[in-house]
Amino acid sequence: MARIGIIGAGNVGLYIGAFLHVAGCQVSWVGRQWVQDEIEEAGALTVSDFYNHTFTIPADEMQILTDVADLVHADVNIDFLFLTVKAHATEKIMESIKHLDGKVVVVTLQNGIHNAEIIRKHMPNTEVITGMVPTNIVHLPGGHFHQATLGPIQLEDGEQSVTLAQLFLEAGFATQLTTDIRGILYGKLVINLMNALNALSGLPLRAQLSDPAHRKVLALCIEEALACYQAASITPLSFFKVPLWMVPHVLRLPNWLFFQIASTFLGIDERAMSSMHDDLLLKRPTEVDYLNGEIIKIGEEHSVNTPVNKAVVKLIKDIEAQPPVHPPSLSGEELLAIVQKRS
């Protein structure tokens, strides 16, 4: 029985951990108090996949802790320690787990490019597996977490990765090993530029993509990212059936043609939504600096202008500084006008 510790009992951490638990792994989570309270009040954790197959785990069968120290004490016995916290929390978490250097395999399933580098800096004797979760997991009422998009988990090939991939496959996750995880992460970053735009719209992702103006803003963000990658000699890998350079062109197609083409490589149900929207409403720090902000950083290092991504970051930062009473709800035309003005 594999022993799994998950630091970050949020959408991804709870969803993946639930499947591993049902597959027979011994899983312990660390999360916020509200997570523990919500699941206890509901009586169970409920999980559903893209096809609406649903299962529950009774609350009394789960170990959800609220302090990292309770999971990673000196005599901890964990095979894989997953990090599913937001990228801005990685450095802080290292202070709590670095004493396990060489004693555990750390798996980062986070957004952003540099999490593994931060982990290895603090834990130089530890095997670190970088992974990428392409699916959107949404939090529904009553301790329910739902997979709203499709895609296989990608894992960096390595000594322990085959074992981990087998665990994922046994748990029901399509999983692929890759020798170019950085290319995968840079490809995911391009798609994650949608997160901030989705948060600003206040709409489910599928509804937002039905608006040509919203799609145009995303196309502009992606074009800036690809220009930065070219200047920096970064080769992103697409995990879709179309190359990334085609995505801005597809986004600009008329609705009828966009959905006809997109349906061949993009599975999104009507509940898909960026967790950044929840972060803004709940007054939590967002990952925008590690998504659109990463593109801005690469652009500054290689003299590529990124005005659209800068405008998006400013919009998110303004909301973070003064959290809204009501959810953000910019229309596509409003958002397009703002980014064009600031460009």
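An account of the accompanying structure is given in this report. For clarity, every value in this text was computed on a predicted model and none was experimentally measured.

As for the pattern of salt bridges
Stage number 1. Evaluation of the coordinates by the stated rule reveals 13 salt bridges.
Stage number 2. With a closest N to O distance of 3.6 Å, E156 and R120 form a salt bridge. Linking E156 in strand β11 (residues 153-156) with R120 in helix α5 (residues 115-122), this pair joins segments that are 36 residues apart in sequence.
Stage number 3. Taken together, the shared-partner salt bridges connect K86, D279 and R284 into one network.

Focus: unusual backbone geometry
When glycine is set aside, most residues are seen to have a negative phi, and most peptide bonds are trans.
Stage number 1. Positive phi outside glycine occurs at N52, with the angle close to 65°.
Stage number 2. Inspection of the secondary structure assignment puts N52 in the loop between β3 (44-48) and β4 (54-58).
Stage number 3. For N52, a relative accessible area of 45% translates into the label partly exposed.
Stage number 4. Within the chain, K283 stands out as a residue other than glycine whose phi angle is a positive 60°.
Stage number 5. The residue K283 is located in the loop between α12 (275-281) and α13 (292-301) in this model.

Points about the side chain of E294
Stage number 1. Mapped onto the elements, E294 comes out in helix α13.
Stage number 2. For E294, the residues in contact, after removing those within four places along its chain, are I113, H114, L189 and D289.

Calculation criteria
Residues numbered from 1 in each chain as written. Predicted model: local features only at pLDDT ≥ 70, side-chain atom pairs only at ≥ 80, totals over all residues. Heavy atoms only, no water. Salt bridge = Lys/Arg side-chain N within 4 Å of Asp/Glu carboxyl O. Helix = DSSP H or I, 4+ residues; strand = E, 2+ residues; numbered from the N terminus. Buried < 20%, exposed > 50% of the residue type's maximum accessible area, 1.4 Å probe, protein only. Contact = heavy atoms within 4.5 Å.

Keep in mind that these numbers describe shape and distance, not what the molecule does.
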